[in-house]
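Per-entry structural report
Listed below, chain by chain, are the residues.
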Amino acid sequence: MAIHLSDYEKGADFDGDYAKALHKVQQRLEHIQTAHIVHRRRSVVMLEGWDAAGKGGIIKRMTAMMDPRFYHVWSIGAPSEEERGHHFLWRFWTRLPADRQIAVFDRSWYGRVLVERVEGFASEKDWKRGYDEINEFEAQQVDSGTAIIKLFIHITQKTQDKQFAERLDDPWKRWKTGAEDYRNRARRKDYKEALKEMFHRTDTRWAPWTAIDCNDRKAGRIAALTTIADALEQHVPMKAPEVDAEVVKLAKDAFGYEPKD
């Protein structure tokens, strides 16, 4: 099904108890991570979206109750000089998760067909070839047992401008915004054209896209976290591990432990 970003601009207020809903989905994510660990599964959660759309806030809340030893957040910026000397996917191969790990990408390999396309950092030949290369790259990961969850966090220009203003007004958030944000803002039309083709060419059955309306922060966060939890639960057996009888015996000998009914 085609993704039209205009369908994700209602910005309806979150309906319900936000704190309760957030805690509930965070507990789900904590259990999902445990299932990854005990069943030796691996997953990639990848977020693309507009500047100031709320990707960082979603990731912060996603990982709030997770064991930091078994996930890694990759914030993807411009490639280094060494990375530019390799195929554009090389730097992502080195960041893929091992068994028992969840890798979270704040921006991703889709830079090839978004910022590199729009800003002219890649030739037309290179970014056009990028769609097939990305699809094959993702298919390889899925075929080898890695789940890939892809979210695009959408906000309107009006919401983005509000977020930019709030960052400038807050002395402790000013570092989050700079001249690059405004260069990107000026080319929103070009980015929307690139996004339209990206969704059309890379919304595959093995790695589909999900767009999230984040014009209301609370509603967007719950929607994104719920989408992630739903998708990851399809990838890993959601069965708690059985207690180790030998460990039970050791606990009983050590301090008189008796299993609860």
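Data block above holds the structure.
Description of the structure in this document. (Residues numbered from 1 in each chain as written. Predicted model: local features only at pLDDT ≥ 70, side-chain atom pairs only at ≥ 80, totals over all residues. Heavy atoms only, no water.)

**Regarding the nonpolar core**
One finds Met-62, Trp-109 and Tyr-110 to be the most contacted residues of the largest nonpolar core, which totals 59 residues. A per-element tally of this core places helix α10 (residues 217-233) first, with six residues. The residues touching Met-62, leaving out its near neighbours within four places in the chain, are Leu-29, Val-45, Ile-102, Val-104, Leu-225 and Ile-228. (Core = buried A, V, L, I, M, F, W, Y, C linked by side-chain atoms within 4.5 Å. Buried < 20%, exposed > 50% of the residue type's maximum accessible area, 1.4 Å probe, protein only. Helix = DSSP H or I, 4+ residues; strand = E, 2+ residues; numbered from the N terminus. Contact = heavy atoms within 4.5 Å.)

**Digging into the pattern of salt bridges**
Counted by the stated rule, this structure contains 20 salt bridges. With its nearest N and O atoms 2.8 Å apart, the salt bridge here joins Arg-107 to Asp-51. Of this pair, Arg-107 sits in the loop between β3 (102-106) and α5 (115-118) while Asp-51 sits in the loop between β1 (42-49) and α2 (55-62), and the two are 56 residues apart along the sequence. The partner of Arg-91 in a salt bridge is Glu-83, with the nearest N and O atoms 3.8 Å apart. Residue classification places Arg-91 among the buried residues on the basis of a relative accessible area of 10%. A relative accessible area of 15% places Glu-83 in the buried class. By sharing partners, the salt bridges in this structure join Arg-28, Asp-230 and Glu-233 into a single network. (Salt bridge = Lys/Arg side-chain N within 4 Å of Asp/Glu carboxyl O.)

**Remarks on the side chain of Arg-167**
Among the structural elements, Arg-167 can be located in helix α7 (residues 157-169). There is no salt bridge for the buried Arg-167, and the closest opposite charge comes from Asp-181, which lies 4.7 Å off by N-O distance. Ignoring sequence-local partners within four residues, the contact set of Arg-167 consists of Ala-52, Lys-173, Arg-174, Lys-176 and Thr-177. (Lys, Arg positive; Asp, Glu negative; His and termini not counted.)

**Section: the packing of helix α1 (residues 18-39) against α10**
Relative orientation of the contacting elements α1 and α10 amounts to 25 degrees, with a least axis distance of 10 Å. In this view, α1 runs roughly parallel relative to α10, as classed from their interaxial angle. Helix-helix and strand crossings are classified by hand; for α1 and α10 the assignment is left-handed. Of the residues in α10, those in contact with Tyr-18, Ala-21, Leu-22, Val-25, Arg-28, Leu-29, Ile-32 and His-36 of α1 are Lys-218, Arg-221, Ile-222, Leu-225, Thr-226, Ile-228, Ala-229, Asp-230, Leu-232 and Glu-233. For the contact of α1 with α10, the class distribution of residues is 11 nonpolar, two polar and five charged. (Axes fitted to C-alpha atoms, helices over the stretch in contact; angles between N-to-C directions. Parallel < 35°, antiparallel > 145°, perpendicular 65-115°, else oblique. Left-handed = near helix turned anticlockwise from the far one by under 90°. Nonpolar A, V, L, I, M, F, W, Y, C, P; charged D, E, K, R; others polar.)

Read these as spatial facts, not as claims about activity.
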